[in-house]
Amino acid sequence: MADYYKTLGINKNASADEIRRAFRELAHKYHPDKAGGNAEKFKEVNEAYQTLSDAEKRKMYDQYGETFQQARSQGGFSGFDNFRDWATWAEAMKQNGHQTNQGFQGAEFGDLGDIFGDLFGGFSGGRTRARKKTGRDMEIEISVDFKEAVFGTEKELRLEKNATCQKCGGTGAEPGSKIINCSRCRGTGQVAQDQTTFFGTFRTVGECPECRGEGKLTSKKCVQCKGEGRYQQYQNIKVKIPAGVNDGGVIRLAGYGEAGAKSATAGDLYIHLHIRPDKYFKREGYNLYSQEQISISQAVLGGKINVRTIDGEVVLKIPAGTYSGQEFKLSGKGVPFLKGHGRGDQIVEVEIKVPKNLNKKQKDLFEKLQDENL
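Remember, predicted model here, so these are calculated numbers, not experimental data.

**Q** Explain the overall build of the protein to me, please; I cannot follow it from the model alone.
**A** In terms of helices and strands, the protein carries 10 helices and 17 strands. By residue count, 35% of the 374 residues in the protein fall in the buried class. Contacts in the protein between residues at least 24 apart in sequence constitute 61% of all its contacts with a sequence separation of at least 6.

Structure representation (structure tokens):
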């Protein structure tokens with residue numbers, strides 16, 4: 001005698017949710033239409049579930065055990081075995097008022113709807129039009145100069161992509177031609193077909209291959225796009241690169257990807273940015289970093305030097321006693337913030353230049369400084 005609890009791998013105190021989860025997992029595992037499936041195991045799992053998922057049947061099974069199974073095999077209990085063919089079962093469920101626009105979700109067979117939905121296409125009671133296929137997203141990479149990334153710029157790009165046909169406006173119909181109902185699906189956009197499987201014969205409803213779910217056909221296809229409403233072509237677009245963009249940043253342009261078929265929504269264009277490095281400036285976030293050299297006398301006595309910034313040269317005051325590696329901040333001379341007003345700073349690191357190949361006079365001066373312990 002089969003033990004339904006062992007068949008589902010659960011204990012006798014299992015809740016309804018635990019029974020349902022166990023069934024779904026095993027049904028997916030043993031489904032005969034799947035690789036590695038097992039028809040006999042599937043039948044056993046289904047038989048156990050049909051009994052244990054029903055409170056009354058479970059109660060009788062727990063009470064009578066083998067006697068319950070014998071009575072069921074002789075027709076004493078109604079259940080899944082009464083339906084030898086999926087089409088018959090579907091019709092019975094429909095008559096019993098269990099059919100919904102989402103498929104059969106009866107109290108006893110709701111879980112089967114999910115399991116067989118992908119394989120059988122579901123049992124849909126309503127007619128729905130196929131969704132128009134959105135155009136494909138596109139991704140490209142472009143390089144910009146360091147200064148262009150700081151202050152922003154505009155780039156003109158040339159793209160090869162499926163773009164909306166200008167002749168028919170994306171409809172796929174030759175201008176002036178008539179639009180008629182599809183004769184194959186009679187304007188519904190869907191066709192039904194019978195299929196035979198391990199469980200019997202059933203009917204599925206899918207997209208009409210003639211009109212591709214549109215329900216309409218044109219008496220003459222557009223000669224430019226061959227009825228697609230789009231075709232491969234080159235297109236020039238202008239892109240604004242905002243000030244302050246980072247290396248590796250991405251700009252998304254909605255609707256600038258490939259056009260969808262027959263006036264469907266176009267995809268998006270994603271632009272990946274690469275910033276060419278600068279020989280003088282280094283960037284960290286919104287701050288710029290640069291280096292300047294000063295003489296020993298400027299370091300000791302102080303002075304003024306000209307410093308290059310992204311905006312042009314400015315004068316930087318060097319205080320007396322400056323050491324090599326000391327940093328000075330030029331406020332607001334960095335990269336503009338992407339959001340909001342203001343800019344980062346420029347950090348200038350000074351390096352003391354040690355002279356080489358001194359002439360006699362310079363050497364004498366340094367020797368005198370040395371005598372003064374300087």
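Text resumes after the structure shown.
**Q** In this structure, what is going on with the pattern of salt bridges? I would like to understand it.
**A** Side chains bearing opposite charge may pair, as long as their charged atoms lie close to each other. Following the criterion strictly, the structure yields 8 salt bridges and no others. One salt bridge connects Asp 268 with Arg 252, and the closest N-O pair in it is separated by 3.0 Å. Placement of Asp 268 in the loop between strand E10 (250-253) and strand E11 (269-275) and of Arg 252 in strand E10 is noted, with a sequence separation of 16 residues between them. Overall, the relative accessible area of 14% leaves Asp 268 in the buried class. Residue classification places Arg 252 among the partly exposed positions, given a relative accessible area of 49%.

**Q** Even after reading the chapter, I still don't get the sheet that holds E10, so can you show me in this structure?
**A** Picture the strands of a sheet paired through backbone hydrogen bonds; they go either parallel or antiparallel. Taken in spatial order, the 3 strands of this open sheet run E3-E11-E10, and their pairing is mixed. Looking at which strands have only one partner, the edges of the open sheet turn out to be strand E3 (138-144) and E10. Adjacent strand axes in the sheet meet at a mean angle of 25° when their direction is disregarded.

**Q** How do you make sense of the side chain of Asp 268 when you look at a structure like this?
**A** Among the polar contacts listed, one links the side chain of Asp 268 to the side chain of Arg 252, at a separation of 3.0 Å. If near-sequence neighbours (up to four positions away) are discounted, Asp 268 is found in contact with Asp 137, Met 138, Arg 252, Leu 253, Ala 254, Gly 255, Tyr 256 and Gly 257.

**Q** Got a minute to help me understand the packing of aromatic side chains in this structure?
**A** One pair of aromatic rings is described through two measures. These are the centre distance and the angle between the planes. Inspection of every chain in the model, using the stated rule, returns 5 aromatic pairs. Centre to centre, the rings of Tyr 5 and Tyr 61 are 6.1 Å apart; their planes meet at 45°, and the pair counts as tilted. Taken together, the residues span a long stretch of sequence, with Tyr 5 in helix H1 (residues 4-8) and Tyr 61 in helix H4 (residues 55-64) at a distance of 56 residues. Under the relative-accessibility criterion, Tyr 61 is labelled buried at 7%.

**Q** How should I be thinking about the layout of surface pockets in this particular structure?
**A** Counted as a void, the second largest pocket has a volume near 400 Å³. The element best represented in the lining of the second largest pocket is strand E8 (residues 216-218), accounting for 3 residues. A per-class count over the lining of the second largest pocket returns 4 nonpolar, 6 polar and 9 charged.

**Q** What am I meant to see in the nonpolar core here?
**A** The nonpolar side chains of soluble globular proteins are, as a tendency, buried together. Counting residues in each nonpolar core, the largest one holds 34 residues, and the members touching the most others are Ile 142, Leu 157, Leu 269, Ile 271 and Leu 316. Filtering out sequence-adjacent residues up to four positions away, Leu 157 remains in contact with Ile 140, Ile 142, Gln 235, Asn 236, Ile 237, Val 239 and Ile 271. One finds Ala 14, Phe 23, Tyr 30 and Val 45 within the second-largest nonpolar core, a separate group that totals 17 residues.

**Q** I'm lost on the environment of Leu 159 in this one. Help?
**A** Along the chain, the position of Leu 159 falls in strand E4 (residues 153-164). Separated by 98 residues in the primary sequence, Leu 159 and Gly 257 place their C-alpha atoms 9.6 Å from one another. Leu 159 has contacts with Ile 140, Gln 233, Tyr 234, Gln 235, Ile 237 and Leu 269, leaving out every residue within four places of it along the chain.

**Q** Explain the sheet that holds strand E13 (residues 287-294) here, please?
**A** In spatial order, the strands read E12-E13-E17-E16; together these 4 strands make up an open sheet with mixed pairing. The sheet terminates laterally at strand E12 (282-284) and strand E16 (327-330), the two strands that pair on one side only. Adjacent strand axes in the sheet meet at a mean angle of 30°, parallel and antiparallel pairs treated alike. In the sheet, E13 pairs with strand E17 (residues 346-352) via 7 bridges, with the strands oriented parallel. Within the sheet, the bridge partner assigned to Ser 290 lies in E17 and is Val 348.

**Q** Can you walk me through the confidence of the model for the protein in this structure?
**A** The predicted coordinates of low-pLDDT regions are not to be read in fine detail. With 80% of its residues at a pLDDT of 70 or more, the protein has an overall mean of 80. Taken as a whole, residues 113-130 scores under 50 in pLDDT and shows 47 contacts with residues more than four places along the chain or in a different chain.

**Q** Quick question: what am I supposed to make of H4 here?
**A** Note: α-helices contain 3.6 residues per turn, so residues at a spacing of three or four share the same orientation. Regarding H4, the residues found buried are Lys 57, Arg 58 and Tyr 61. One side of H4 carries all its buried residues, which in axial view fall inside an arc of 100°. In H4, the exposed positions angled more than 90 degrees off the buried face are occupied by Ala 55, Glu 56, Lys 59 and Gln 63. Of the residues flanking the start of H4, the one acting as N-cap is Asp 54, its side-chain oxygen 3.0 Å from the backbone nitrogen of Glu 56. One or two positions beyond H4, positive phi appears at Gly 65, with a value near 55°.

**Q** What's the story with the side chain of Glu 292 in this structure? I'm lost.
**A** Tracing the backbone shows Glu 292 in strand E13. The side chain of Glu 292 is buried and forms no salt bridge, while Arg 308, the nearest opposite charge, is found at 6.0 Å. Those residues in contact with Glu 292 that lie beyond four places of it in its chain are Tyr 280, Ile 305, Asn 306, Val 307, Arg 308, Val 348, Glu 349, Val 350 and Glu 351.

**Q** Is there a simple way to explain helix H3 (residues 39-52) in this structure?
**A** In a regular helix each residue adds 1.5 Å, so 14 residues correspond to 20 Å; H3 covers 20 Å between its end C-alpha atoms and thus fits that length. Phe 42, Val 45, Asn 46, Ala 48, Tyr 49, Gln 50, Thr 51 and Leu 52 are the residues of H3 that are buried. Structurally, the start of H3 carries an N-cap: the backbone nitrogen of Glu 40 is 3.1 Å from a side-chain oxygen of Asn 38.

Reading the values: rules and limits
- Residues numbered from 1 in each chain as written.
- Predicted model: local features only at pLDDT ≥ 70, side-chain atom pairs only at ≥ 80, totals over all residues.
- Heavy atoms only, no water.
- Helix = DSSP H or I, 4+ residues; strand = E, 2+ residues; numbered from the N terminus.
- Buried < 20%, exposed > 50% of the residue type's maximum accessible area, 1.4 Å probe, protein only.
- Contact = heavy atoms within 4.5 Å.
- Salt bridge = Lys/Arg side-chain N within 4 Å of Asp/Glu carboxyl O.
- Pairing = 2+ DSSP bridges.
- Axes fitted to C-alpha atoms, helices over the stretch in contact; angles between N-to-C directions.
- Polar contact = N/O pair within 3.5 Å; in protein donor to acceptor, adjacent residues only side chain to side chain.
- Phe/Tyr/Trp six-rings, centres within 6.5 Å; stacked < 30°, edge-to-face > 60°.
- 1 Å grid on protein atoms, 1.4 Å probe; cavity = no way out; pocket = protein on both sides within 12 Å on 5 of 7 lines; lining within 4 Å.
- Points joined across faces, edges and corners; volume = space filled by probe spheres on them.
- Nonpolar A, V, L, I, M, F, W, Y, C, P; charged D, E, K, R; others polar.
- Core = buried A, V, L, I, M, F, W, Y, C linked by side-chain atoms within 4.5 Å.
- pLDDT = per-residue confidence, 0-100.
- Arc of directions from axis to C-beta.
- Lys, Arg positive; Asp, Glu negative; His and termini not counted.
- Expected span 1.5 Å × (residues − 1).

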